[in-house]
Each structure stands twice: as structure tokens, then as C-alpha cells.
Amino acid sequence: MSSSTDRPRGIRTRLVTAGRNPDEQFGFINTPVYRGSTVLYPTMDALVHRKARYTYGTKGTPTISALESAWTDLTGAAGTVVVPSGLAAVTIALLASVKAGDHVLMTDSVYQPTRHFCDTVLKRMGVAVDYFDPLVGAGIAALMRDNTSVVFTETPGSQTFEVQDVPAIAEVAHQRGALVLLDNTWATPLFYPPHERGADIAIEAGTKYLGGHSDLLIGLVSANERCWPALRATFDAFGACAGPEDTFLALRGMRTMQLRLKEAEKQALDLAAWLEARPEVKQVLHPALPSCPGHETWKRDFLGSTGVFSIVLHPASQKAVAALLDGLELFGMGFSWGGFESLIIPFDCRSYRTASAWNPGGPCLRLQVGLEDLDDLKADLDAGFARLKAAG
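Residues numbered from 1 in each chain as written. Predicted model: local features only at pLDDT ≥ 70, side-chain atom pairs only at ≥ 80, totals over all residues. Heavy atoms only, no water.

- Going by an unreviewed UniProt entry, the protein carries the name Cystathionine beta-lyase and comes from Chelatococcus caeni.
- Per UniProt, the comment on the protein under Pathway (unreviewed entry) is "Amino-acid biosynthesis; L-methionine biosynthesis via de novo pathway; L-homocysteine from L-cystathionine: step 1/1." (UniProt positions renumbered as here; feature names shortened; annotations may be inferred.)

**Examining the environment of Leu 313**
Okay, step 1: For Leu 313, the position within the fold is in strand β9 (residues 308-313).
Okay, step 2: Residue classification places Leu 313 among the buried residues on the basis of a relative accessible area of 0%.
Okay, step 3: Note: C-alpha distance between Leu 313 and Gly 362 (49 residues apart in sequence) is 5.2 Å.
Okay, step 4: Excluding anything up to four places from it in sequence, Leu 313 contacts Glu 280, Val 281, Lys 282, Val 321, Leu 324, Gly 361, Gly 362, Pro 363, Leu 365 and Phe 385. (Helix = DSSP H or I, 4+ residues; strand = E, 2+ residues; numbered from the N terminus. Buried < 20%, exposed > 50% of the residue type's maximum accessible area, 1.4 Å probe, protein only. Contact = heavy atoms within 4.5 Å.)

**A word on the packing of aromatic side chains**
Okay, step 1: The final tally for this structure, using the stated rule, is 4 aromatic pairs.
Okay, step 2: Between Phe 161 and Trp 186 the ring centres are 6.4 Å apart and the planes differ by 75°, which places this aromatic pair in the edge-to-face class. On the criterion of sequence distance, the pair formed by Phe 161 in the loop between β4 (148-154) and α6 (166-175) and Trp 186 in the loop between β5 (179-183) and α7 (188-191) is long-range, its members being 25 residues apart.
Okay, step 3: A relative accessible area of 4% means that Trp 186 is categorised as buried.
Okay, step 4: Relative to Phe 302, the ring of Trp 186 has its centre 6.0 Å away and its plane inclined at 75°; by these criteria the two rings are edge-to-face. One end of the pair, Trp 186, is in the loop between β5 and α7; the other, Phe 302, is in the loop between α11 (295-301) and β9, and 116 residues separate them in sequence. Neither Trp 186 nor Phe 302 differs from the other in exposure class; each is buried.
Okay, step 5: The structure contains a cluster of three or more aromatic residues connected by ring pairs, namely Phe 161, Trp 186, Tyr 192 and Phe 302.
Okay, step 6: Across the ring face of Trp 337, the terminal group of Lys 208 is positioned such that the distance to the ring centre comes to 5.4 Å. (Phe/Tyr/Trp six-rings, centres within 6.5 Å; stacked < 30°, edge-to-face > 60°. Lys NZ or Arg CZ within 6 Å of the ring centre and 35° of its normal.)

**Looking at the pairing of strand β1 (residues 79-83)**
Okay, step 1: Among the 5 residues that make up β1, 5 are buried, leaving the element largely enclosed by the rest of the structure.
Okay, step 2: Both faces of β1 are covered, namely the face carrying Gly 79, Val 81 and Val 83 and the face carrying Thr 80 and Val 82.
Okay, step 3: Of the strand pairs in this sheet, β1 and strand β7 (residues 219-223) are connected by 5 bridges, and their pairing is antiparallel. Note on β7: the bridge partner recorded for Thr 80 is Ser 222. (Pairing = 2+ DSSP bridges.)

**Considerations on empty space enclosed by the protein**
Okay, step 1: Tallied over the entire structure, the rule returns 3 cavities of 30 Å³ or more.
Okay, step 2: One number sums up the size of the largest cavity: a volume of about 80 Å³.
Okay, step 3: Looking at the largest cavity, the residues that line it are Tyr 209, Gly 212, Arg 260, Ala 264, Gly 338, Gly 339, Phe 340, Gln 368, Val 369 and Leu 371.
Okay, step 4: Its residues placed into classes, the lining of the largest cavity shows 5 nonpolar, 4 polar and 1 charged.
Okay, step 5: Empty space within the second largest cavity amounts to approximately 60 Å³.
Okay, step 6: Taken together, Arg 20, Ile 29, Asn 30, Thr 31, Phe 248, Leu 251, Arg 252 and Arg 255 form the lining of the second largest cavity.
Okay, step 7: Class assignment of the residues belonging to the lining of the second largest cavity gives a composition of 3 nonpolar, 2 polar and 3 charged. (1 Å grid on protein atoms, 1.4 Å probe; cavity = no way out; pocket = protein on both sides within 12 Å on 5 of 7 lines; lining within 4 Å. Points joined across faces, edges and corners; volume = space filled by probe spheres on them. Nonpolar A, V, L, I, M, F, W, Y, C, P; charged D, E, K, R; others polar.)

**Regarding the layout of surface pockets**
A water-sized probe, rolled over the atoms, reveals where empty space remains.
Okay, step 1: Each pocket or cavity is described by its volume, and for the largest pocket that value is around 590 Å³.
Okay, step 2: Taken together, 35 residues form the lining of the largest pocket, with Tyr 111, Gln 112, Pro 113, Ser 158 and Arg 366 sitting closest to its centre.
Okay, step 3: Listing elements by their share of the lining of the largest pocket, those giving two or more residues are α4 (86-95), α5 (112-124), β6 (201-205) and β10 (343-347).
Okay, step 4: Residues that form the lining of the largest pocket fall into these classes: 17 nonpolar, 11 polar and 7 charged.
Okay, step 5: Two domains share the lining of the largest pocket, each providing at least three of its residues, namely domain 1 (11-252) and domain 2 (257-391).
Okay, step 6: Of the pockets and cavities examined, the second largest pocket occupies roughly 310 Å³.
Okay, step 7: Pro 346, Phe 347, Asp 348, Pro 363 and Cys 364 are, among the 18 residues lining the second largest pocket, the residues nearest its centre.
Okay, step 8: The element contributing the most residues to the lining of the second largest pocket is helix α12 (residues 318-326), with 5 residues. (Domains from an automatic or database assignment.)

**Comments concerning the pattern of salt bridges**
Okay, step 1: Across all of its chains, the model carries 20 salt bridges by this definition.
Okay, step 2: Taking the shortest distance from any N to any O, the salt bridge between Asp 108 and Arg 115 comes out at 2.7 Å.
Okay, step 3: Relative accessible area serves as the criterion here: at 1%, Asp 108 is assigned to the buried category.
Okay, step 4: For Arg 115, a relative accessible area of 5% corresponds to the buried category.
Okay, step 5: Two residues, Arg 278 and Asp 382, come together in a salt bridge whose shortest N-O distance is 2.7 Å. Taken together, the residues span a long stretch of sequence, with Arg 278 in the loop between α10 (257-276) and β8 (281-285) and Asp 382 in helix α13 (residues 374-391) at a distance of 104 residues. (Salt bridge = Lys/Arg side-chain N within 4 Å of Asp/Glu carboxyl O.)

Below is the structure:
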């Protein structure tokens, strides 16, 4: 999108204007919630030949079209589909890209439900899946087979925060005729332009930063020109459309997403630096910190960082970690992130990683930093660390 003088518009302007057409909504700013399954046609000829902008509820509504159009603009894609959840976005993207007999290379740091889908549904379909070290970079070439159709990336890893060299992986994969899929949920297109970095298909759990308020489930899949026809055809075959209210909330969340991301970045960096100085903390896994492995790749490829990172504690008993967590007042324990509230969960991925060792040397916690006062968050954690010490 550009202005009348062809000057490219800034991201904040694009977020405010993308997918909006008040002239079609009687002057109202926001596209309203269209609920509906049946579309009426004025004539038999129009029905038989589908002469209508919208033909049935599963094929789209003005609300869905507004979000698809806006996300396509933000990601620099040829097209976008909107689905009911982030996991649905992963599965639709994979199913649009593979067939029986294919081979998929999947990053070992991937979101665990994605791993489950690969090890169950794709396996039943006759698709072979091998996992690779997320830091392999151009070394992915040694793992590719003649039938490798997809290399699936996620940067950074959503628990362990390895920063992948997606451009290097994409260069090798494309030379071998494979597609590159990218789960871009942590950074969003605002901080990591997925298609510019080499992804053919980009996946987003809009449940998180697009929604921003922990009250909706939605996923988005964008594709370049090469992959867009297959993605759209697969989506149409499944009829996996997002609900109208969730789509509306995602559109509304998009208008303020950049402001919320910048605040999340600021809050998380401050808290990460504070935690790095704590005696109880062995390591902070935040890609924007110079001390974090992968920082140089993050600095080269990313435009910012968001509010989610992990820490490794010095060795402590499960009882002590539970004492830390169970008494927290502001950090809730719950899965997901990207909302206005702070969250924390323990994790241990040693049992399911198969291609790369994960030996952090202590218990691990993932933090989602919300919009609370930082002094209050630090006080909450400080009291938690006191309980950790007291529990022994």
C-alpha cells in the first residue's frame, strides 16, 4: 500500500488501514461481524455459475476477507487463509505441501503439537518425517533426500529459543526443489518478514500477539505465488474457517499490534536483564541479549523481539521450583502467550527431542511478560526466588 505520492507507508499506518473499506460499510470504520452460512443468488444462472462475490459461508465473508487482505499485505504474500487456531494453521500448511511418499525435515525445537501431528497423522499418510538440529543452517543439505518436499522451520524455538538461519536453509531447500515452511508466531511479520527471509508458507498463531487479549483462537497461513493455489485449494477442501467473532477480534487486535509488540519488547528486555543478574538464574534465553546463543543471527534477520523468553535455573529440586511457582501472584501458570497478562510455565523437552541434545543444567521456565508494572513483576519473582531458596 502506498500514498498518493507513491511513498511507502509505515507499518503503523498499514496496520491501521489494511483490510478496511468504510465505503462498503456505510461509512463505519470497522468491517462488521458477518455471521452466515447461506448466500442467496438472484437468478438460477447466478447460482449455477457462482456469480457472486461470496458463495457460501465456508468460502469466506466480508469479515474474513478483510483479515485475509490485511495479513497478505503485512506478510508480503500472494494470499492468506484464516483458520480456527494456530495448530490448524500448521496442519493446513503441511497438508497443502505434502503427499504420500514425501519426506519432511522438521526442526527439533518445534512446537510440540506440531511434532505430534507429524508423528501421527503424517505418518499414517505415508509421509516420512525426520527432525534436525535447529542450528544446522546450510548443513541441511546433508539431510535432504530426493523426495524431501518440505523443510519446516520455527525461529526462535518457542521454548528453547534457538535462532534458525532461515535464509541459509531456504537457499539450500529451494535449490533441491523443497518448500520452506516457517512458524513465525514469536516475531510476527512485524519483526520478521517471513517471505522476504525465504519462507514459501508462513504460519501464525493469531491467538497470541494478533489477538493480544487471551480471548480468542485463530490461525493464519500466508503463501507466496508458487504455493498460494495449493494452499487455497487445501483450505477449501477442509472448510476449516475461523469463527466470525474471533475474526473480528483479530482484526481489531491488529490495529494496536505494533504498539503492544514494542511495549512487550521493552518490558521483556528489562526483565530479562534483571533476571540475568540474579544468582538463582544460570542462563537467560532471550535472542536479543548479546549473551544468548544465536544473538548475531537474530540481530541480522529480525527487526525486534517480543515478550516471551526462557530462563535456566541453577540446579534445584522439583519441590523448590514448585514453591517458586505456586506462590506467584502476578505470573499465572498457563499455556499460550501474547496477551496482556504475565505467564510462566516450567518445561523439560529432553524426553521428546530426538535430533539435538538439550542439557541445560537446571530447571527451565518460560516467561510471557505482560503489561503489568515491571517493579511489581520483579517483586513477585523476587518473593518466588526467596521461596525457592527456603525450600532447598
